[in-house]
Amino acid sequence: MCCSAQLTEKDLVPQSHNPAYLEAIKGMRFFDPHVHMTSRTTDDYQAMADAGVAAIIEPAFWLGQPRTGVDTFRDYYSSLVGWERFRSSQFGIKHYCTIGLNSKEANNEALSEQVMEILPLFIYKEGVVGVGEIGFDDQTALEEKYYRAQLLLAKEAGLPVQIHTPHRDKKQGTQRSMDIAIEMGLDPHMVIVDHNNEETVKEVLDRGFWAAFTIYPFTKMGNERMVEVVKQYGTERIMVNSAADWGISDPLAVPKTAALMLERGISKPDVELVTYRNAITAFAQSGQLNEKDFEQPAEIDQSLKYNGSTVLRGGQQPRPNKQSTIIR
């Protein structure tokens, strides 16, 4: 075992200041390549920074209810390349994003046509490292139409693609997603297939795609299952993410999975591959991601403003003592 202390289930619940959990990953750095920070709080950013998360990718996604006009997409995409990147920087975390029309909303054809017109205005912006997350939800004809259209955009822009595989009929949807990507002329090495499980991972890897795994509480892939996947399939083209969003999810899933992997006997270099290095390798193909931008801790000045706003509120001091029960 690489760690002297055995981690228990209690150590792995959402407690960002759990000494045993933090001690297990002390000095390590993590990259979460799929997390929806628009839905998260500054407390989450601080906890992620404290746990060693150095950089993240925020894919464009479904906000929980349908958008009603193209300007709502425009504003959302603008926030991903603007305010959210700034907010992340105020906690020392480098923020990147992927931009795309999500599969669920692709079924509104009239609106989708308008969104497709504005996507080229965003996918070439600084910090955009891919087109995503795109793919299938109910595997409808309209979802396929706009999936194909966005694959073409990504190919023309030379950007990686971040695929959302469906929650229902996942194996069929994953196979179909890969088939279409190849048919459209994309190099599998430029495609990150997300939300994998034990049913899909072998084919994804055998066909040369990147296999990403979402570590979600009570569903999808738990981190104990993730340990077994890495033991069986190794670390090549495998990466771990949290996909934390507005639902029950854990923005510390990547460092917690790293801690469990170490405790279960996976070597530190292998853990670093699936929780840090592989994501960098995959998305650096965009030309927008350079590890030098976050390999050293950044200077943080939480008094800085973005469009007149800071992350502080009237008279607040940066980095309060979060372990105190007193809120001043």
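Whatever comes next refers back to the structure up there.
Bear in mind the structure is a predicted one, so any value in this text is a computation, not a measurement.

## Notes on the environment of Val-53
- Relative to the helices and strands, Val-53 resides in strand β2 (residues 53–59).
- Judged by its relative accessible area of 4%, Val-53 falls in the buried class.
- Each residue touching Val-53, except ones within four places of it in the same chain, is listed here: Phe-30, Met-48, Ile-93 and Pro-255.

## Concerning the packing of aromatic side chains
- Within the structure shown, the criterion is met by 11 aromatic pairs.
- Seen in terms of ring centroids, Trp-83 and Phe-86 are 5.5 Å apart; in terms of plane orientation they differ by 40°. Their pairing is tilted. Pair noted here: Trp-83 and Phe-86 are both in helix α4 (residues 83–89), with a separation of 3 residues, about one helical turn.
- Relative accessible area serves as the criterion here: at 11%, Phe-86 is assigned to the buried category.
- Three or more aromatic residues joined by ring pairs form one cluster here, namely Phe-31, Tyr-96, Tyr-276 and Phe-294.
- Over the aromatic face of Trp-62 sits the side chain of Lys-104, whose NZ or CZ is 5.3 Å from the ring centroid.
- The ring centre of Phe-122 lies 5.8 Å from the NZ or CZ of Lys-125, which sits over that ring.

## Observations regarding the side chain of Asn-223
- Checked against the element boundaries, Asn-223 lands in helix α9 (residues 223–233).
- A residue is classified by how much of its surface remains accessible, and Asn-223, at 15% relative accessible area, is buried.

## Here we look at unusual backbone geometry
- A cis amide bond links Gly-132 to the next residue, Glu-133, at an omega of -10°.
- As for its position among the elements, Glu-133 is in strand β4 (residues 128–135).
- For Gln-139, which is not glycine, the phi dihedral falls at a positive 60°.
- One can find Gln-139 in the loop between β4 and α6 (141–157).
- Owing to a relative accessible area of 13%, Gln-139 belongs among the buried residues under this scheme.
- Positive phi, close to 50°, is recorded for Ala-243, a residue that is not glycine.
- With respect to the helices, strands and loops of the structure, Ala-243 is situated in the loop between β8 (238–241) and α10 (253–263).
- Accessibility expressed as a relative area gives 2% for Ala-243, which makes it buried.

## Looking at the pairing of strand β6 (residues 191–194)
- Taking every second residue as pointing to the same face, both faces of β6 are buried, with Val-191 and Val-193 on one and Ile-192 and Asp-194 on the other.
- Where strand β5 (residues 161–164) and β6 come together, 4 bridges link them in parallel fashion. Across the sheet, Val-161 pairs through a bridge with Val-191, a residue of β6.
- The parallel pair β5 and β6, bridged by helix α7 (residues 170–183), forms a crossover whose chirality is right-handed.
- With 2 bridges connecting them, β6 and strand β7 (residues 210–214) associate as parallel partners. Bridging from a neighbouring strand, Val-193 pairs with Ala-211 of β7.

Calculation criteria
Residues numbered from 1 in each chain as written. Predicted model: local features only at pLDDT ≥ 70, side-chain atom pairs only at ≥ 80, totals over all residues. Heavy atoms only, no water. Helix = DSSP H or I, 4+ residues; strand = E, 2+ residues; numbered from the N terminus. Buried < 20%, exposed > 50% of the residue type's maximum accessible area, 1.4 Å probe, protein only. Contact = heavy atoms within 4.5 Å. Phe/Tyr/Trp six-rings, centres within 6.5 Å; stacked < 30°, edge-to-face > 60°. Lys NZ or Arg CZ within 6 Å of the ring centre and 35° of its normal. Pairing = 2+ DSSP bridges. Right-handed = clockwise from strand over helix to strand, strands pointing away.

Function-wise, these values are silent; they only describe arrangement.
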